[in-house]
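Summary of the model geometry
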Amino acid sequence: MPYDTITELDQLINRVLSYNPDADVDLVRRAYAFSAKAHEGQTRRSGEPYLQHPLAVAGILTSLRSDVTAIVAALLHDTVEDTLATPDELEHEFGKDIARLVEGVTKIGKIPFRNYEEKQAENFRKMVLSMADDIRVVLIKLADRLHNMRTLQHLGEVKRQQIGQETLDIYAPLANRLGIGWMKNELEDLCLKYLKPDVFAGLKLRVAKRDEERQRYIEEVIRLVKLALAEAGLVGEVKGRPKHLYGIYQKMERQAISFEEVYDLAAVRIITDTKMNCYAILGLIHSLWRPVPGRFKDYIAIPKSNLYQSLHTTVVGLKGEHVECQIRTEDMHRVAEQGIAAHWTYKEHGQIEEKDRKAFSWLRQFVEWHQDLTDNRQFMDSVKLDLFHDVVYVFTPKGMVKEMPLGSTPVDFAYAIHTEIGDHCVGAKVDGKIVPLKHQLASGDTVEILTAPTQVPHKDWLKTVRTSRAKTKIKHWLKVEEQKRSIEIGRRLLEREFRRHDMPPAQMFKSDRLLQAARESGFDTTDDMAAAVGYGRLSTLQVINRLKPPSRAGETAVPQESPVVRPPVGKLEEKGVKVKGGRDLLMQLSRCCSPVPGDRIMGYITRGRGLTIHSVGCPNLDALDYDKERLVEVEWDTTAPSTHPVKVSVLAVDRTGVLANVSSSISGCEANISRAEIATREDRKAVLDFVIEITDTAHLDRVLKAVERVDGVITARRIRAWQER
C-alpha cells in the first residue's frame, strides 16, 4: 500500500468510529486495498497518486456521518470507470448494495454523444433516477464533485469553466435542496473563484481588509447577547457566522450595490435547547436591537422542504450596522449541517424509513416529474428550474401547506395538485378574492382553484408559469393538439393533391401504397407523414412522386418540388450560422435574445417564416419547444467572421469622467459603440446602456472585464430584449 495514504486511511477510520463505534472497519480496509491495487500507477493532474481522490471523497462523507456502505462505495467509486475492475468483481468482493452504489455513481461510458452537454445531461439523468433507489448515490456524487472543485486549478481553462458552470447550475443547488448548507456555500465560493477569478480575488481582498475590524464587532455582539441570555436565564450557545463570498457577490448583483453598501456581513447563530426557547431568544434579541422590517422568517413553524428549521431575523445592531441572527435548537442545527443525511435510518438498499419518507416527498416528486422527459436539453432546463429557486408557502382550502417556487401562479398551483385540475383551470381565489391566472402567489396565501370542463391549456400560460411540472404538462398538451392540427392540415393538402392527379382520396388514405410511401420517406405511419406535410417539412409533390410508378421511357416524371420554406436571396453564410444536415432554409436571428457566436443556439421552424435562431435558454424558445419536432440543430459558421450588435448595461457611480472612461475601455477592446443612452437614478448611480458591435462571446467577455476595471463602475452585463420587459 502507498505509504503517503496510510495515515489518511487511519484518519478516515477514526472519523467513522467517532460516530459509529460498531462500524465494520475491516470492510473499509478491504475496500481501500482493492482501490489501491486497481488505481496502482495512476496519478491525478496534480501529480498526486489517484488514490488520494477516493480517500478524500470518503472523508467528505464522514462529515455527513455516512454509513460504512457509502464510505466503501466512495473508496471504490472510480474503479469501474477508470480501471480494469468490473461490476461483477465488485459484487463478488463487496456485495450487491455496494456494487449498485458504485454503478449509480459511475459515469456513462462509451456511448457516443453529439456534444459535451448531451453527455453531461445523460450522466445527470442517470444520477437523478438512481436517487429514487438509493439517496446515497447523490451524496457520493456531491462529495466527488466537491473534491474535484477543490483541486480544479490543475485543469485547463476551458475545462475549469465547464465544470464550474455545471457545478453552479446543478450541484450547488442540489446540495442546498438536500439541506447541506456548508457544502452548498463551499461549492458556490469555488465556482466564483474559477468562473469570475477577478471578482473572487477582489472580494476576498476586501473582506480580508475588513476582517479584523469585523471580528472585533462580532465578538462585541456575541458578548452582549451572552450577557442578555444569562440575565434572562436562557440557555444558548452564541457563535459568529461569516458570510460566504458568493452570497456577497449575489447580493451586490441582485440589488446593484457596491461592496461598501453590503451592510450585513456580520451574522451570529444562537443554538439553544428547546423550540420554546428559540422564540424566547428571538424576543430577547428584538428587545436589544430594533428588527429590520420584512427581514424575519420563521422556518420553525413552516420548515423548508429539505427539513431546514431556524428563526431568521436581521436587526440594527451596534453602531447602526445590520446583524443577521439565526436561532435554532441542537437537533435543528444537526439537520442544517448534515441535511438529508441527518434524517434517514436505513432499512435495506439505502431506502428511507417510512417515518422520514413523508418529509422528502419533494425528492420523490423531483424524480417522478423528470423521469419521463426524453429530450436532454429540456431535461436539464427542467431540473435547473426545480433545483434553483426561492420558495413561497401557500395553503389549500383544507389547510395543507404547498411549497412553490417564488413567482408561481395559480396555474402552477393547479398542476401541483393534479394534471386534470391544471388543464381545466379557469381562475382562482386567493384569500377569497378572485385573481387572474398570472397572479403571483405569496407566502401565506390560501388558494382555491376554479375549473370548467370546457377549459383547455393555452400557449400564453407558458409565459407566466414557474414550475417545471406545469411547463411540461402544458407543452405536452399543446404538442398533442399541434400534432392533431398538423395531421388535419396535411391530410387536406394531400387530398387536394390526390384529386389533381386523379387519385381517389378515400382509397389512397386506406391503401398500402401510401403507408409504403410514408416508410420510404422515413415515417412510421401515414399520420406522421401527413403531420410533416402540415408542418411544411415535406411537400405534397414529394409524396405524389413516391406513389407514382417508376417512369417509363418517354414519360415525364412529376417535377420534384423544393421544400415549402425557400432560402432567401443572397448567401446564408452571411448569417454566420450553419444548419446541421445541410438543410436549405430561410434563416433569421431572433431579436428577443440576439444570439452571437459563442452562444449555444437552436433553430425553430415557423410556418412561412423559415428558421428563427434563438439562444439556448431563451424564454421564447422554452415556450416554443413543446413541439421539439420543429427544433433544428444549428451551429455557428466560424469560417464567416462578422460583427453582431449586443446591448450592454453598465451601473456606475455618477461622477465626472466615468462615461468617457467606459467609452474608452470599450473602444480599447476594438468594439464599436453604435448607440448609447445615459440615465441617472435617485441614489446617485448612473445607468449607461450601450449597443456595441462584437465578434463573439469571448470578445464580449473582454469588453465587460475591461469596463468592470474602470474606476467607479459597479457592474457591467449583457442585456437581452426579453430581460427588459
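Residues numbered from 1 in each chain as written. Predicted model: local features only at pLDDT ≥ 70, side-chain atom pairs only at ≥ 80, totals over all residues. Heavy atoms only, no water.

**Observations concerning the sheet that holds strand S20 (residues 685-694)**
- Strand order in the open sheet formed by four strands is S19-S20-S18-S21, with antiparallel pairing between adjacent strands. Strands with a single pairing partner mark the edges of an open sheet, and in this sheet they are strand S19 (672-680) and strand S21 (713-719). The average undirected angle you get between the axes of adjacent strands in this sheet is 20 degrees.
- When S19 meets S20, the two strands line up antiparallel, connected through eight bridges. By the bridge assignment, Glu677 is partnered in S20 with Asp689. (Pairing = 2+ DSSP bridges. Helix = DSSP H or I, 4+ residues; strand = E, 2+ residues; numbered from the N terminus. Axes fitted to C-alpha atoms, helices over the stretch in contact; angles between N-to-C directions.)

**Things to note about the pairing of strand S7 (residues 391-395)**
- Bridge count between S7 and strand S8 (residues 401-405): five bridges; the pairing is antiparallel. Residue pairing in the sheet places Val391 in a bridge with Pro405 of S8.
- In this antiparallel pair of consecutive strands, S7 and S8, the connection spans five residues, and Gly399 shows a positive phi of 95 degrees.

**With respect to the packing of aromatic side chains**
- Applying the stated criterion across every chain, the model contains four aromatic pairs.
- An angle of 70 degrees between the planes, with centres 6.0 Å apart, marks the rings of Tyr299 and Tyr308 as edge-to-face. Comparing Tyr299 with Tyr308, the two get one shared label, buried.
- Measuring from centroid to centroid gives 5.5 Å for Phe498 and Phe509, while their planes differ by 65 degrees, and the two rings are edge-to-face. Separated by eleven residues along the polypeptide, Phe498 in helix H21 (residues 468-500) and Phe509 in helix H22 (residues 505-510) bring together distant segments of the chain. The same class applies to Phe498 as to Phe509, namely buried.
- Taking NZ or CZ as reference, Arg491 lies 4.1 Å from the ring centre of Phe509, over its face. (Phe/Tyr/Trp six-rings, centres within 6.5 Å; stacked < 30°, edge-to-face > 60°. Buried < 20%, exposed > 50% of the residue type's maximum accessible area, 1.4 Å probe, protein only. Lys NZ or Arg CZ within 6 Å of the ring centre and 35° of its normal.)

**A short note on the pattern of salt bridges**
- What the rule picks out here adds up to 20 salt bridges.
- Ionic pairing is found between Glu188 and Lys184, a salt bridge with its closest N-O pair at 3.6 Å. Of this pair, Glu188 and Lys184 both sit in helix H11 (residues 181-195), four residues apart, roughly one helical turn. As far as the burial class goes, Glu188 and Lys184 line up, both buried.
- Of the charged contacts, one joins Glu488 and Arg492 as a salt bridge, the two residues approaching to 3.1 Å between their closest N and O atoms. Of this pair, Glu488 and Arg492 both sit in helix H21, separated by four residues, roughly a single helical turn. (Salt bridge = Lys/Arg side-chain N within 4 Å of Asp/Glu carboxyl O.)

**Observations concerning the packing of helix H7 (residues 96-105) against helix H9 (residues 136-150)**
- Contact geometry of H7 with H9 gives a least axis separation of 9 Å together with a crossing angle of 55 degrees. Relative to H9, the element H7 is oriented oblique. Note that H7 runs across H9; the crossing there is right-handed. For the pair formed by H7 and H9, the contact residues are Asp97, Leu101, Gly104 and Val105 on the first element and Arg136, Val137, Ile140 and Lys141 on the second.
- Within the contact of H7 with H9, the residues separate by chemical class into four nonpolar, one polar and three charged. (Parallel < 35°, antiparallel > 145°, perpendicular 65-115°, else oblique. Left-handed = near helix turned anticlockwise from the far one by under 90°. Contact = heavy atoms within 4.5 Å. Nonpolar A, V, L, I, M, F, W, Y, C, P; charged D, E, K, R; others polar.)

**Some words on the sheet that holds strand S9 (residues 425-430)**
- Taken together, three strands build an open sheet; the order of strands is S10-S9-S11 and the sheet is antiparallel. Sheet topology places strand S10 (433-435) and strand S11 (447-451) at the edges, where each strand pairs with a single neighbour. This sheet shows a mean twist of 35 degrees between the axes of neighbouring strands, independent of strand direction.
- Each of S9, S10 and S11 touches helix H19 (residues 410-417); the most contacted strand, S11, lies at about 85 degrees to it.

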